[in-house]
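Chain residues, written in single-letter form:
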Amino acid sequence: MIRKVLLGVVACALTVFAVQAQEMTEEAIKERIKPTGSVHIAGAQAAPAAGGPRSGEEIYNQACVACHGVGVLGAPKLQVAADWQPRLDEKGFDTVWQNAINGIGGMPPMGTCGNCSNDDIKAAIEYMIEGI
Ligand code: HEC
């Protein structure tokens, strides 16, 4: 009688252990795939940011590099002090910024950036004169 009960207890314990082992395996699998899941979530979270505010560098690369990269029509070139400093000294940053918004000479209004705000233009200019 006691033997039977003991066997039952052992069998029961084994079942519990087996179930636990299975759960642990599932947990282990979840743990293993977790980093991939996290990376995916991080990527999904980064996506709206990419559609949000752009850096000056991004705006420059999208809208300004075509002319300001090589100096088309005499456009002051990216981070070339000799091109930018005289303009900044003569007019000051705010006027240079206004001229970029309104257009000046061969420089089209907003540098043809249709979806740029005035602050986007400012950020792009700040990037172009960075470190000069
Ligand atoms: C189609 C070519 C072209 C594009 C695109 C362009 N620029 Fe220009 N930009 C010029 C030229 C040419 C000048 C020189 C104008 C002059 O002084 O006669 C200039 C001058 C400027 C100046 C100096 C203004 C001043 O008062 O001296 C700023 C600032 C400027 N651009 C900003 C930008 C920004 C920011 C972008 C992108 C959003 C951009 N430009 C895109 C051609 C371009």
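The shown structure was predicted, so the numbers you read here are calculated from the model rather than taken from an experiment. (Residues numbered from 1 in each chain as written. Predicted model: local features only at pLDDT ≥ 70, side-chain atom pairs only at ≥ 80, totals over all residues. Heavy atoms only, no water.)

Section: the overall build of the chain
Across its full length, the chain carries five helices and zero strands. In sequence order, the secondary structure elements of the chain are arranged as α-α-α-α-α. Relative to its 132 residues, the chain shows a buried fraction of 20%. Sequence separation of 24 or more characterises 51% of the internal contacts of the chain that already satisfy a separation of 6 or more. Carbon and sulfur atoms make up 62% of the accessible area of the chain, which totals about 9,200 Å². (Helix = DSSP H or I, 4+ residues; strand = E, 2+ residues; numbered from the N terminus. Buried < 20%, exposed > 50% of the residue type's maximum accessible area, 1.4 Å probe, protein only. Contact = heavy atoms within 4.5 Å. Areas by Shrake-Rupley, 256 points an atom, 1.4 Å probe, with all protein chains shown as cover.)

Re the side chain of D120
Summarising the element assignment, D120 is placed in helix α5 (residues 118–128). The residues touching D120, leaving out its near neighbours within four places in the chain, are R54, I59 and N115.

A few points about the packing of helix α3 (residues 81–91) against helix α4 (residues 93–102)
Two quantities define a packed helix pair, namely the angle between the axes and the distance from one axis to the other. In contact at an axis separation of 6 Å, α3 and α4 are set at 110 degrees when each is read in the N-to-C sense. It follows that α3 is roughly perpendicular to α4 by the angle criterion. Judged by residue contacts, W84, R87, L88 and K91 of α3 engage F93, T95, V96 and N99 from α4. By residue class, the composition of the contact of α3 with α4 is four nonpolar, two polar and two charged. (Axes fitted to C-alpha atoms, helices over the stretch in contact; angles between N-to-C directions. Parallel < 35°, antiparallel > 145°, perpendicular 65-115°, else oblique. Nonpolar A, V, L, I, M, F, W, Y, C, P; charged D, E, K, R; others polar.)

Comments concerning the packing of α4 against α5
Across the interface, α4 lies against α5 with an axial gap of 10 Å and an inter-helix angle of 120 degrees. Classified by the angle their axes make, α4 and α5 are oblique. Between α4 and α5 the crossing geometry is right-handed. In contact with F93, V96, W97, A100 and I101 of α4, α5 contributes N118, D119, I121, K122, I125 and E126. (Left-handed = near helix turned anticlockwise from the far one by under 90°.)

Considerations on the site of the ligand
As a matter of local geometry, the ligand sits amid 26 residues, with C64, C67, H68, R87 and M107 nearest to it. H68 places a side-chain nitrogen or oxygen 2.7 Å from a nitrogen atom of the ligand. Breaking the shell around the ligand down by element, the ones donating at least two residues are α2 (56–68), α3, α4 and α5. Considering only residue class, the shell around the ligand consists of 18 nonpolar, six polar and two charged. (Near = heavy atom within 4 Å. Polar contact = N/O pair within 3.5 Å; in protein donor to acceptor, adjacent residues only side chain to side chain.)

Quick look at the state of the cysteines
A complete count under the given rule lists one disulfide for this structure. Each sulfur of the disulfide joining C113 and C116 lies 2.0 Å from the other. Here the disulfide of C113 and C116 is right-handed, its torsion about the S-S bond being about 75 degrees. A residue is classified by how much of its surface remains accessible, and C113, at 8% relative accessible area, is buried. Residue classification places C116 among the buried residues on the basis of a relative accessible area of 9%. (Disulfide = S-S within 2.5 Å.)

Section: the coordination of the iron atom of the ligand
Ideal values differ by geometry: the angle at a metal is 109.5 degrees with four tetrahedral donors, but 90 or 180 degrees with six octahedral donors. H68 (NE2) and M107 (SD) make up the full set of protein donors to the iron atom of the ligand, lying at 2.0 Å. Classification of the site at the iron atom of the ligand as octahedral follows from its six donor atoms and the range of 86 to 180 degrees in their angles at the metal. Taken together, the residues H68 in helix α2 and M107 in the loop between α4 and α5 connect sequence positions 39 residues apart. According to the relative accessible area criterion, M107 is partly exposed, its value standing at 22%. (Donors = N, O, S within 2.8 Å, 3.2 Å for Na, K, Ca; no water. Tetrahedral: all angles 85-135°; square planar, octahedral: opposite > 155°, others 65-115°.)

So, a nonpolar patch on the surface
A surface patch of nonpolar side chains, about 310 Å² in accessible area, is lined by V70, V72 and L73. Following the sequence through the fold, L73 ends up in the loop between α2 and α3. (Patch = residues over 30% accessible without salt bridge, like charges linked within 9 Å, V, L, I, M, F, W, Y side chains within 5 Å. Salt bridge = Lys/Arg side-chain N within 4 Å of Asp/Glu carboxyl O.)

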